Amino acid sequence: MERVGRVLDNLEDMGMSQVLVADPMSIWYLTGYWNLPYERFYALYLARTDDGIKTVMFCNRLFPDAIATGCEIRVFDDTEDPIPLVVETCDESSPLGVDKVLAARWLLPLMDAHAASEFRLGSPAVDLARSIKDASELDLMRAASATNDKAMEWLRSQLREGVTEHEIASGLLAEYRRLGAQEHSFTPIVSFGANAADPHHEPDETQLRRGDLVLFDVGCKRDSYCSDMTRTFFFGAEPSERDREVYETVRRANEAAEAIVRPGVTFAKIDLTARRIIEEAGYGKYFTHRLGHQIGLEDHEPGDVSSAHNEPVRAGQCFSIEPGIYLPGEMGVRIEDLLIVTDDGCEVMNSYPKELAVIE
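Residues numbered from 1 in each chain as written. Predicted model: local features only at pLDDT ≥ 70, side-chain atom pairs only at ≥ 80, totals over all residues. Heavy atoms only, no water.

Considering the packing of aromatic side chains
Enumeration according to the criterion identifies nine aromatic pairs in this entry. Ring pairs connect the aromatic residues Phe-41, Phe-58, Phe-76 and Trp-106, which therefore count as one cluster. Sitting above the plane of the Phe-287 ring, Arg-275 keeps its charged end 4.0 Å from the centroid. (Phe/Tyr/Trp six-rings, centres within 6.5 Å; stacked < 30°, edge-to-face > 60°. Lys NZ or Arg CZ within 6 Å of the ring centre and 35° of its normal.)

Rendered as C-alpha cells:
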C-alpha cells in the first residue's frame, strides 16, 4: 500500500482525493496484478476517505482472479455495462482524476452520468510515484543495464564486412535471453553509414562496408525493468577529421550533462548543458531531439530531459542522457547512458566504454 499512498499524496497536492487508473502497467505497479484487457473495461479506483484508503478494481469475469490484490473487486461480464459500477463507487461531489489511457468510450459515459463533480487528468500523480524508484527497483534497473553492457560487447563482435543490419538485430534477442533478460525493451536500432543520420532508423538489408560508421541503440527488459544504451563505432578504417570531431563533440556533451546531474538541477538545465556544447561546435541544428527520457517499467516514461521541462530532478529518478549529431545523407553519432539520481549526484548505470573505437 506504500505505492498507493504515494499516489494519493501526489493526488492531494493536485487538489483531488480520488483517481481512476486504467493503464495496465500502472495497475501492476500498484497492486502486483497483471492483466491485458484488450477492448474490455479495466480500471483501478483509488481514494482517500475519512475511513482510510479505498481501493476498488473493476474486472471482467474473464480476467484472472484478482482477489490476492486485497482490493475490493467489482466484477461484470461481457453483456453488462461496467459504467454504473464505477458511478456507484466514485464520490460524485468531488473531482475525479482519470489517467491518460482511459478511452473516450468509457470516459464520456462517466461524464454523462456525473460520476464526479469534474474530471481532471490524474496521470501525473501516478507518473511521479513511478518516477521515484525504490531500492528494489533500482537494483533491477542496474541489473538490466549490466545485461545491456554485456550485449553491446556481443553486438560489436558481430561486425564483419557484408553483414546486414537486419542480421545483427535479429540475433540480439537470443543473446539477451542467454544473458538472463526476457525480451527487448524496444525494437533495436542498428544503423550503418548514412542510415545513422536517421535517429530512429529501422534495421534493413544494408550491408556493412569498410569505412562505415555503426550505431547501436538497444535495450532489454529483465524482470520487468528496462535498459537502453547507444554506442557508435567506426568499422575498418580511421574516421576522417570531421567525423572524429563529431564523435568527440557528442561524447563531451554526454559527459558534461552527466556531470551536473544532482537533486535540484532542472531537466532543462541538463539538456542545455549538452546542447550548448554541440551548438558551440557548430552542429546545433543537427541535434534534432530532446536530450533524454525517463525509464523504468517502460522504455519511455513521462518526464523528459528537455528544454521544456523545468522541474528539478529528484533522487531515485532514472533517465537517459543521449545527445546526438545527425548529418543527413552522411552519418550520425549518438552516445547514450542511463543514470540514477542519487542524494548528492548521480550514478551512471552503463560501464561500456565511450572512447572512440575503430573495429577491424
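Now, onward.
Section: the pattern of salt bridges
Scanning the entire structure with this criterion turns up 30 salt bridges. For Arg-130, the salt bridge identified is with Glu-298, shortest N-O distance 2.9 Å. Of this pair, Arg-130 sits in helix H5 (residues 123-131) while Glu-298 sits in the loop between strand S13 (292-294) and strand S14 (301-305), and the two are 168 residues apart along the sequence. Residue classification places Glu-298 among the partly exposed residues on the basis of a relative accessible area of 30%. (Salt bridge = Lys/Arg side-chain N within 4 Å of Asp/Glu carboxyl O. Helix = DSSP H or I, 4+ residues; strand = E, 2+ residues; numbered from the N terminus. Buried < 20%, exposed > 50% of the residue type's maximum accessible area, 1.4 Å probe, protein only.)

Topic: the sheet that holds strand S1 (residues 18-21)
If you trace the six strands from one edge of the open sheet to the other, you get S4-S3-S2-S1-S5-S6, paired in mixed fashion. Across the chains shown, the open sheet's two edge strands, defined by having one partner strand only, are strand S4 (72-76) and strand S6 (119-121). Sheet twist, expressed as the average angle between the axes of neighbouring strands with direction ignored, equals 25 degrees. One ladder, built from five bridges, connects strand S3 (residues 52-60) with S4; its direction is parallel. Within S4, the position partnered with Asn-60 by the bridge is Phe-76. The sheet strands contacting helix H2 (residues 24-31) are S1, strand S2 (43-49) and S3, and the helix crosses S2 at an angle near 50 degrees. (Pairing = 2+ DSSP bridges. Axes fitted to C-alpha atoms, helices over the stretch in contact; angles between N-to-C directions. Contact = heavy atoms within 4.5 Å.)

Examining H5
Helical geometry: 3.6 residues make up each α-helical turn, so side chains three or four residues apart lie on a common side. The buried fraction of H5 amounts to seven of the nine residues, a majority that puts the element mostly inside the structure. Among all positions in H5, only Ser-123, Ala-125, Val-126, Asp-127, Ala-129, Arg-130 and Ser-131 are buried.

A closer look at the sheet that holds strand S12 (residues 229-235)
Read across the open sheet, the four strands follow the order S8-S9-S12-S20; overall the sheet is mixed. Of all the strands in the sheet, the pair left with one neighbour each is strand S8 (189-192) and strand S20 (358-359). The strands touched by helix H7 (residues 165-178) are S8 and strand S9 (213-218); relative to S8, the strand with the most contacts, the crossing angle is about 150 degrees.

Thoughts on the side chain of Asp-337
Tracing the sequence through the fold places Asp-337 in strand S18 (residues 337-341). Asp-337 gets classed as buried once you look at its relative accessible area, which sits at 1%. A polar contact is formed between the side chain of Asp-337 and the side chain of Arg-231, at a distance of 2.7 Å. The residues contacting Asp-337, other than those within four sequence positions of it, are Arg-231, Asn-254, Glu-258, Phe-319, Ser-320, Ile-321, Val-348, Asn-350 and Lys-354. (Polar contact = N/O pair within 3.5 Å; in protein donor to acceptor, adjacent residues only side chain to side chain.)

Some thoughts on the environment of Phe-119
Secondary-structure assignment places Phe-119 in strand S6. A relative accessible area of 21% places Phe-119 in the partly exposed class. Linking Phe-119 and Val-19, residues 100 residues apart in sequence, is a C-alpha distance of 9.5 Å. Excluding anything up to four places from it in sequence, Phe-119 contacts Leu-96, Val-98, Leu-107, Leu-110 and Met-111.

Some details on the state of the cysteines
The tally for this structure, following the rule as stated, stands at zero disulfides. As a non-bridged cysteine, Cys-59 has Cys-71 as the owner of its nearest cysteine sulfur, 8.6 Å distant. Residue Cys-59 is classed as buried on the basis of its relative accessible area of 3%. (Disulfide = S-S within 2.5 Å.)

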